[in-house]
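Spelled out, the chains give:
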Amino acid sequence: MKLNQLAGRPGSSKGRTRVGRGIGSGKGKTGGRGGKGQTARSGVRIKGFEGGQMPLHRRLPKRGFRNTAFQLDLNEVNLGRVQAAIDAKLLDAGKPVDVDALVEAGVLSRAREGVKLLGGGEIKAKVEFAVWRASKSAVAAVEKAGGSVKILAPAKEEPKEPRGKNARFAAGIDKPKVVEAAPAQAGKKKADAGETAKAEKPAKPAGKKPA
């Protein structure tokens, strides 16, 4: 067999449909776009249009945020891969294992922004890790084997006071505002006072009409 004899399996690749190449192809003339109108043109943005009423994607409330711009691009490494590298004598268990050591051993292709150690697999060697983050299961497995895990990420500062309206209410810091209902008798009293004033007003004396 030669390189020029290699071919894909039958049906693995399919040629693209060439539209507008005659009525015999089944995709000639209008090319699958139907008749005239907006949808036959390019640049159509009809999806999501609901006839002029407020579309669904604008009616729904927008809540929350995405941390994409600030998230870290970390390498994820399981304990099983580290143990395999130690068994293959690519990693020295006697030295601290950090991102540079893992890249040098070929466990990682590049350093990125650090390493997160995960608890998949089994670790038998006594290893000192220096990683950005580590899962609870990974820390427990390393410490059980006699090693240690140093977390390089800064510790999160706990807020001095609870955040959020409900949390502050539960802690007794804030109290919910109670809106008192307006007295229902205020309007009635005003009407009674007007009627009393009318009754107390002296009537005009009946005089003779001018001739």
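These lines cover the structure that appears in this document, whether it is placed above or below.

The rules we used
- Residues numbered from 1 in each chain as written.
- Predicted model: local features only at pLDDT ≥ 70, side-chain atom pairs only at ≥ 80, totals over all residues.
- Heavy atoms only, no water.
- Pairing = 2+ DSSP bridges.
- Helix = DSSP H or I, 4+ residues; strand = E, 2+ residues; numbered from the N terminus.
- Contact = heavy atoms within 4.5 Å.
- Axes fitted to C-alpha atoms, helices over the stretch in contact; angles between N-to-C directions.
- Buried < 20%, exposed > 50% of the residue type's maximum accessible area, 1.4 Å probe, protein only.
- Core = buried A, V, L, I, M, F, W, Y, C linked by side-chain atoms within 4.5 Å.
- Arc of directions from axis to C-beta.
- Salt bridge = Lys/Arg side-chain N within 4 Å of Asp/Glu carboxyl O.

### Some remarks on the sheet that holds strand 4 (residues 133-134)
Here's step 1: Taken in spatial order, the three strands make up an open sheet running 1-2-4, and their pairing is parallel. Of all strands in the sheet, those bounded by a partner on one side alone are strand 1 (75-78) and strand 4.
Here's step 2: Relative to strand 2 (residues 115-118), strand 1 is paired through four bridges, and the arrangement is parallel. In the sheet register, Glu76 faces strand 2, and the bridge partner there is Lys116.
Here's step 3: Across the sheet, helix 2 (residues 79-87) touches strand 1 and strand 2, and the angle it forms with strand 1 is around 70°.

### Considerations on the pairing of strand 2
Here's step 1: Side chains of strand 2 alternate between two faces, with Val115 and Leu117 buried and Lys116 and Leu118 left unburied.
Here's step 2: Of the strand pairs in this sheet, strand 2 and strand 4 are connected by two bridges, and their pairing is parallel. Residue pairing across strands places Leu117 opposite Ala134, the latter belonging to strand 4.

### Re the nonpolar core
What tends to happen in soluble globular proteins is that the nonpolar side chains get buried as a cluster.
Here's step 1: Val82, Leu91, Leu102, Leu117 and Phe129 are the most contacted members of the largest nonpolar core, which totals 23 residues.
Here's step 2: The set of elements that each furnish at least two residues to this core consists of helix 2, helix 3 (99-105), strand 2, strand 3 (128-131) and helix 4 (136-144).
Here's step 3: For Leu102, the contacting residues outside a window of four places in its chain are Val77, Val82, Leu91, Val97, Val107, Leu108 and Val115.

### Comments concerning the environment of Asp87
Here's step 1: Within the secondary structure layout, Asp87 lies in helix 2.
Here's step 2: On the basis of relative accessible area, Asp87 is assigned to the exposed category, the value being 55%.
Here's step 3: A C-alpha to C-alpha distance of 9.9 Å links Asp87 and Lys124, two positions 37 residues apart in sequence.

### Brief notes about helix 2
Here's step 1: Among all positions of helix 2, only Leu79, Val82, Gln83, Ala85 and Ile86 are buried. All buried residues of helix 2 fall inside an arc of 160° around its axis, so they share one side.
Here's step 2: Close packing links the buried residues of helix 2 with strand 1, helix 3, strand 2, strand 3 and helix 4.
Here's step 3: Lys89 sits one or two residues past helix 2 and shows a positive phi near 60°.

### Side note on the side chain of Ser135
Here's step 1: Counting through the fold element by element, Ser135 comes out in the loop between strand 4 and helix 4.
Here's step 2: Those residues in contact with Ser135 that sit more than four places away from it in its chain are Leu117, Leu118 and Gly119.

### Topic: the pattern of salt bridges
Here's step 1: Overall, the coordinates contain four salt bridges when judged by the stated rule.
Here's step 2: A salt bridge links Arg59 to Glu50; its shortest N-O distance comes to 3.0 Å.
Here's step 3: In this structure, the salt-bridge partner of Arg168 is Glu161, at a minimum N-O distance of 3.1 Å.
Here's step 4: Looking at Glu161, the relative accessible area reads 44%, which means it is partly exposed.
Here's step 5: Among the charged side chains, a salt-bridge network with shared partners connects Glu161, Arg168 and Asp174.

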